[in-house]
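Topology and contacts: notes
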Amino acid sequence: MTAPIAATEPFALFRDWLREAEASEPNDPNAMTLATTTPEGFPSARIVLLKGLDERGFVFFTNRQSRKGDELAANPRAALIFHWKTQRRQVRVEGAVEQVTDAESDAYYATRPRLSRLGAWASRQSRPLSGRAELEAALAEAEARHPGDTIPRPPHWGGYRVLPARIEFWQDMPFRLHDRRVFHAAPEGWRIESLYP
């Protein structure tokens with residue numbers, strides 16, 4: 001039988017669970033559902049990749065002129081879900097969102113493959129596309145402008161950090177008597193509670 005969740009600090013527990021998922025998940029153990037809100041108040045969700053984690057929060061990168069960027073500009077709050085099927089675990093995060101610094105965005109952008117960096121220039125993410133040929137032409141144009149390996153980061157491309165106000169860890173248990181532990185951010189540290197499954 002799986003042991004109940006006993007941790008008292010959420011970031012250490014999350015790192016442990018992510019490490020275990022990295023050993024068992026066949027693809028993208030750092031994949032997470034990012035939920036934002038449309039201007040009309042509807043939820044809007046998609047999968048992105050976790051690219052950084054520190055004691056402030058969870059970091060991902062994108063085109064800030066994309067739909068998610070527009071939604072975060074209008075309402076800088078988001079929810080994340082990590083689901084590791086092989087581990088039978090889930091983590092839910094809710095909180096405010098801030099842009100990471102230019103230095104953080106530059107540092108991550110420099111680690112991306114060359115074509116991914118060129119793609120950040122070529123893609124008008126979330127905007128209508130007449131066909132694949134239009135995207136390929138934009139990529140060729142970006143490559144002509146930046147023929148070497150030194151490709152500056154586009155000003156519209158960068159990172160966001162979700163600053164958790166609430167982190168819930170869910171672990172499958174026999175007979176659907178699952179284990180749920182919630183960490184609430186508080187001035188004095190994390191307040192912890194357990195929830196019925």
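Small disclaimer: the values here were computed from a predicted structure and weren't measured.

Taken from the UniProt record, the annotation "domain: Pyridoxine 5'-phosphate oxidase dimerisation C-terminal" (unreviewed entry) applies to residues 157–197. Secondary structure content for residues 157–197 is 0% helix and 73% strand, and the end C-alpha separation is 40 Å.

Further remarks concern the pattern of salt bridges. Overall, the coordinates contain 23 salt bridges when judged by the stated rule. Where E104 meets R56, a salt bridge forms, and the shortest distance between an N and an O atom there is 3.8 Å. Note that E104 is positioned in helix α3 (residues 102–111) and R56 in the loop between β3 (52–53) and β4 (58–63), a separation of 48 residues in sequence. Taking relative accessible area as the criterion, E104 reaches 26% and is therefore assigned partly exposed. Taking the relative accessible area as the measure of exposure, R56 reaches 44% and is therefore partly exposed. Through salt bridges with shared partners, a single ionic network connects D54, R56, E98, E104 and R161.

What the rule picks out here adds up to 14 aromatic pairs. On the numbers, 6.0 Å between centres and 75 degrees between planes, the contact of F11 with W190 is edge-to-face. Here the residue F11 occupies a position in helix α1 (residues 10–24), and W190 occupies one in strand β9 (residues 189–195), the gap between them amounting to 179 residues. The exposure class assigned to F11 is buried, which follows from its relative accessible area of 1%. Among the aromatic residues, ring-to-ring pairing joins F11, F14, F58, F82, W84 and W190 into one connected group. In this structure, R64 packs its charged tip against the face of Y160, placed 5.4 Å from the ring centre.

Within this numbering scheme, the UniProt entry marks K51, Y108, R112, S116, R176, L177 and H178 as carrying the feature "binding site: substrate" (unreviewed entry). Separation in sequence by 128 residues is matched in space for these annotated residues, since their most distant C-alpha atoms are 43.8 Å apart. Restricting the annotated residues just mentioned to those that line the largest pocket leaves K51, Y108, R112 and S116. Its place among the elements puts K51 in the loop between β2 (43–49) and β3. Note on K51: relative accessible area 38%, which makes it partly exposed. In this view, K51 contacts N30, V59, F61 and Y108; residues no more than four positions away in its chain are not counted. Note on placement: H178 falls in the loop between β7 (157–171) and β8 (179–186).

Attention now goes to the pairing of β8. In terms of burial, β8 is a largely internal element, six of the eight residues being buried. Inspection of the sheet shows β7 paired to β8 by six bridges, in the antiparallel sense. When the sheet's bridge partners are listed, Q171 is paired in β8 with D179. With seven bridges joining them, β8 and β9 adopt antiparallel strand pairing. Bridge pairing links A185 to W190 in β9. The hairpin formed by β8 and β9 contains two residues between the paired strands.

Definitions and cut-offs
- Residues numbered from 1 in each chain as written.
- Predicted model: local features only at pLDDT ≥ 70, side-chain atom pairs only at ≥ 80, totals over all residues.
- Heavy atoms only, no water.
- UniProt positions renumbered as here; feature names shortened; annotations may be inferred.
- Helix = DSSP H or I, 4+ residues; strand = E, 2+ residues; numbered from the N terminus.
- Salt bridge = Lys/Arg side-chain N within 4 Å of Asp/Glu carboxyl O.
- Buried < 20%, exposed > 50% of the residue type's maximum accessible area, 1.4 Å probe, protein only.
- Phe/Tyr/Trp six-rings, centres within 6.5 Å; stacked < 30°, edge-to-face > 60°.
- Lys NZ or Arg CZ within 6 Å of the ring centre and 35° of its normal.
- 1 Å grid on protein atoms, 1.4 Å probe; cavity = no way out; pocket = protein on both sides within 12 Å on 5 of 7 lines; lining within 4 Å.
- Contact = heavy atoms within 4.5 Å.
- Pairing = 2+ DSSP bridges.

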